[in-house]
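Commentary on secondary and tertiary structure
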Amino acid sequence: TPQLGRLSDTIGRKPLLVGAPALALLCRGVAASRPTIRVLVIVKLLSLLLTSTFSVALRASIADTHRDDPAALTGKLGLVSASAGAAYSVGML
């Protein structure tokens, strides 16, 4: 979304690439220690926001890195998409 892109441009990509997974881990720790419905719903919503923020920052950093080579850019973005799909598939097992 445009808002997440602006956040990535304002804060920087590296802090988002490090901070989003760290905050997601913290949220999951809170959910494990206090598994109430309210906490689980809040953690799920924050998780969705953090995951999409990480995804936008990751794809933007790949695009910046491979801006001059469209073939490499396509390959790297395809690899990221394939990895995400494989993670969902394995996670369901």
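About the cut-offs
Residues numbered from 1 in each chain as written. Predicted model: local features only at pLDDT ≥ 70, side-chain atom pairs only at ≥ 80, totals over all residues. Heavy atoms only, no water. Patch = residues over 30% accessible without salt bridge, like charges linked within 9 Å, V, L, I, M, F, W, Y side chains within 5 Å. Areas by Shrake-Rupley, 256 points an atom, 1.4 Å probe, with all protein chains shown as cover. Salt bridge = Lys/Arg side-chain N within 4 Å of Asp/Glu carboxyl O. Helix = DSSP H or I, 4+ residues; strand = E, 2+ residues; numbered from the N terminus. Contact = heavy atoms within 4.5 Å. Buried < 20%, exposed > 50% of the residue type's maximum accessible area, 1.4 Å probe, protein only. Polar contact = N/O pair within 3.5 Å; in protein donor to acceptor, adjacent residues only side chain to side chain. Core = buried A, V, L, I, M, F, W, Y, C linked by side-chain atoms within 4.5 Å. pLDDT = per-residue confidence, 0-100.

On the surface, I37, L40, V41, L45 and L48 cluster together into a nonpolar patch covering about 500 Å² of accessible area. Checked against the element boundaries, V41 lands in helix α3 (residues 37–65).

Below, the discussion takes up the side chain of S61. Residue position: S61 is located in helix α3. If sequence neighbours within four positions are ignored, S61 has contacts with R13 and L17.

Next up on the list: the environment of R59. On the secondary structure map, R59 appears in helix α3. Its relative accessible area of 31% is what places R59 among the partly exposed residues. Residues R59 and G85, spaced 26 residues apart in sequence, show a C-alpha to C-alpha distance of 15 Å. Among residues more than four places away in sequence, those in contact with R59 are L77, V80 and S81. Among the polar contacts made by the side chain of R59, one reaches the side chain of S81 at a distance of 3.4 Å.

Counted under the stated rule, the structure contains two salt bridges. Of the charged contacts, one joins D64 and R13 as a salt bridge, the two residues approaching to 3.1 Å between their closest N and O atoms. Note that D64 is positioned in helix α3 and R13 in helix α2 (residues 13–33), a separation of 51 residues in sequence. The partner of D64 in a salt bridge is R67, with the nearest N and O atoms 2.6 Å apart.

The next point concerns the nonpolar core. Among the nonpolar cores identified, the biggest contains seven residues, and these are A20, A24, C27, A31, V39, V43 and L50. Those elements that provide at least two residues to this core are α2 and α3. For this core, the element with the highest residue contribution is α2, accounting for four residues.

Of the residues in the chain, 97% have a pLDDT of 70 or more, and the chain-wide mean is 85. Here helix α1 (residues 2–11) stands out as the least confident element of the chain, with mean pLDDT 74; helix α4 (residues 70–91) is the most confident, with 88.

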